[in-house]
Amino acid sequence: MRKPSTAVKTIWGVTVNAPATALPAVVIGAGPTGLAAAAHLTGRGMETLVLEAGPAAGTAVREWGHVRLFSTWSELVDPAAEKLLSPTGWTTPDGGTCPSGADWAEKYLQPLADVLGDRVRYGTTVTGVSRLGRDRIVDADREQQPFTVRTRSADGTEARILARAVIDASGTWSTPSPIGADGLPALGEHAASARVSYRIPDLKDPAVRARYAGKRTAVIGSGASAFTALASLADVAKDEPGTHSVWILRRGISGSTFGGGTADQLPARGALGLAAKAAVDAGHADAVTGFRTEVIEPGADDSLTLVAEDGRRLDPVDEVIVLTGLRPDLSFLSELRLGLDERLQAPTELAPLIDPNQHSCGTVYPHGHRELSHPEQGVYLVGMKSYGRAPTFLAMTGYEQVRSVTAALAGDIESADRVELTLPETGVCGGAGLFDTPATAETDGGGCCAPEPSLVQIGTAAPAGTAAAEEPAPAGGCCA
Ligand SMILES: Cc1cc2nc3c(=O)[nH]c(=O)nc-3n(C[C@H](O)[C@H](O)[C@H](O)COP(=O)(O)OP(=O)(O)OC[C@H]3O[C@@H](n4cnc5c(N)ncnc54)[C@H](O)[C@@H]3O)c2cc1C
């Protein structure tokens, strides 16, 4: 006969020997998704505890606080959070404007965390999650055991918290992808770390501006972050002679390289690509296509030379900005039985809906607790982390995910199964720049809805005769 599981000591106000269902649902991360999850749980009268590694709500968002979001306020506030905030007199900032990351954190995330009060614990890093007394391989009574969440505080103190469920909303911000096209750091990348950054530079900060002004900077990547970096460096170039970017793309330039432009249903997102194109057109950046960096060689004059797998060498640069995507940190979940797609590292059922081989258009099907579940019942990866390495995550996706997941945890399956998400389309499809395989019979005209993008001649093309120059533009797509 199975014994009911029990908690072993009082932690966060939970009664000694309480049944597992009386334990809190632990949320990892006080970012937009984690706080929304806590708001939904609180709204349902369920115990919750948010564990945040940083010193404030939205710690990761604050690190890119200088970046303006392409979403408007109306797309960045979770409905359950708004319900919690309203009685405090809080109102949504002007719904039609796009906040900066700092605005999002200060005007929404922190007030929300403040309403949640001691349900949010800062300076608490989750270092491990498992089942109480059961490592990954033990089956016996596994589902009856509460989760055990191991934490480390800012002063180094370690603790264990028991939980009835774990919602991992820890994002991907702390684990940027390296330069190498094979997913590994380029040879010499670590040694060059003093001049390699993985963040969009805050060029309004005088110290950061001094680092890039008058310098040659390689910008590696093909998403919204790379567009933003190229556009901001072009602004600096207007005032600071000698400022120049070399934009390194792993694949060729096509009609979709700069995003959907005016066809993007989020106009500010479309504008990012157009600003990057303007930087190239104005001569502030040269685009180098089909360049898969293998080595970074230090020069005698402190410069860095990027060498591609095909042997091409670029003119030396002073700085390198790497914006090749983010990836999930799964290390602290290794004792759990997760079902993850082997390519994207996203939940198995969700992965096909967001696979950048098929979708960059934002036509992600509404999904919730079923697509986000794992063989290990009661654990969910949500928010940015749920997308694994796929690049098209939007905050409103995360809000819908946690609405569904928390309804399921409350036993409200009817609500959990309800479909409540319509996402704006990017205006392009057929690959988001994450993958750089040539078009094949399988991908050609594939994707979900678009005409084939045309090749655009712009900037510095790969030398004639190289594999990159001959690589066809990715084709197919889903929405244009
Ligand atoms: C530059 C940039 C611009 C973006 N612009 C938009 C936009 O315009 N519109 C849009 O919809 N989306 C945008 N996004 C995507 C997405 O909405 C945001 O990244 C959003 O912050 C994701 O929220 P999250 O809560 O899932 O993760 P995060 O915001 O990354 O929050 C995760 C939290 O978990 C904490 N944490 C991490 N590890 C641990 C741990 N082990 N223990 C405890 N805490 C931990 C972190 O400190 C952090 O506070 C943008 C993303 C970036 C990077």
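Everything below is about the structure printed above this text.
Report on the accompanying structure. (Residues numbered from 1 in each chain as written. Predicted model: local features only at pLDDT ≥ 70, side-chain atom pairs only at ≥ 80, totals over all residues. Heavy atoms only, no water.)

## A closer look at the overall build of the protein
Piece 1. What the protein contains, in helices and strands, is 11 helices and 15 strands.
Piece 2. Buried positions account for 53% of the 480 residues belonging to the protein.
Piece 3. For the protein, long-range pairs separated by at least 24 residues make up 71% of all intrachain contacts whose partners lie at least 6 apart in sequence.
Piece 4. Entry remark: accessible area of the protein is about 20200 Å², with carbon and sulfur atoms responsible for 52%. (Helix = DSSP H or I, 4+ residues; strand = E, 2+ residues; numbered from the N terminus. Buried < 20%, exposed > 50% of the residue type's maximum accessible area, 1.4 Å probe, protein only. Contact = heavy atoms within 4.5 Å. Areas by Shrake-Rupley, 256 points an atom, 1.4 Å probe, with all protein chains shown as cover.)

## Digging into the packing of helix α1 (residues 32–43) against helix α9 (residues 395–409)
Piece 1. Remark: α1 packs on α9, axes separated minimally by 9 Å, with the N-to-C direction vectors making an angle of 35°. Crossing of α1 against α9: the hand is right-handed. On α9, the residues that touch Pro 32, Thr 33, Ala 36, Ala 37, His 40 and Leu 41 of α1 are Gly 398, Tyr 399, Val 402, Arg 403, Thr 406 and Leu 409.
Piece 2. Considered class by class, the residues forming the contact of α1 with α9 number 7 nonpolar, 4 polar and 1 charged. (Axes fitted to C-alpha atoms, helices over the stretch in contact; angles between N-to-C directions. Left-handed = near helix turned anticlockwise from the far one by under 90°. Nonpolar A, V, L, I, M, F, W, Y, C, P; charged D, E, K, R; others polar.)

## Some points on the environment of Gly 54
Piece 1. Summarising the element assignment, Gly 54 is placed in the loop between β2 (48–51) and α2 (59–63).
Piece 2. Each C-alpha atom, one on Gly 54 and one on Gly 29, is 8.7 Å from the other, the two residues being 25 residues apart in sequence.

## Notes on the nonpolar core
Piece 1. Within the largest apolar cluster, 75 residues are counted, with the highest numbers of intra-cluster contacts made by Leu 35, Trp 104 and Tyr 108.
Piece 2. Excluding its chain neighbours within four sequence positions, the residues that come into contact with Leu 35 are Gly 29, Ala 30, Ala 57, Leu 109, Leu 112, Ala 113, Leu 116 and Val 120. (Core = buried A, V, L, I, M, F, W, Y, C linked by side-chain atoms within 4.5 Å.)

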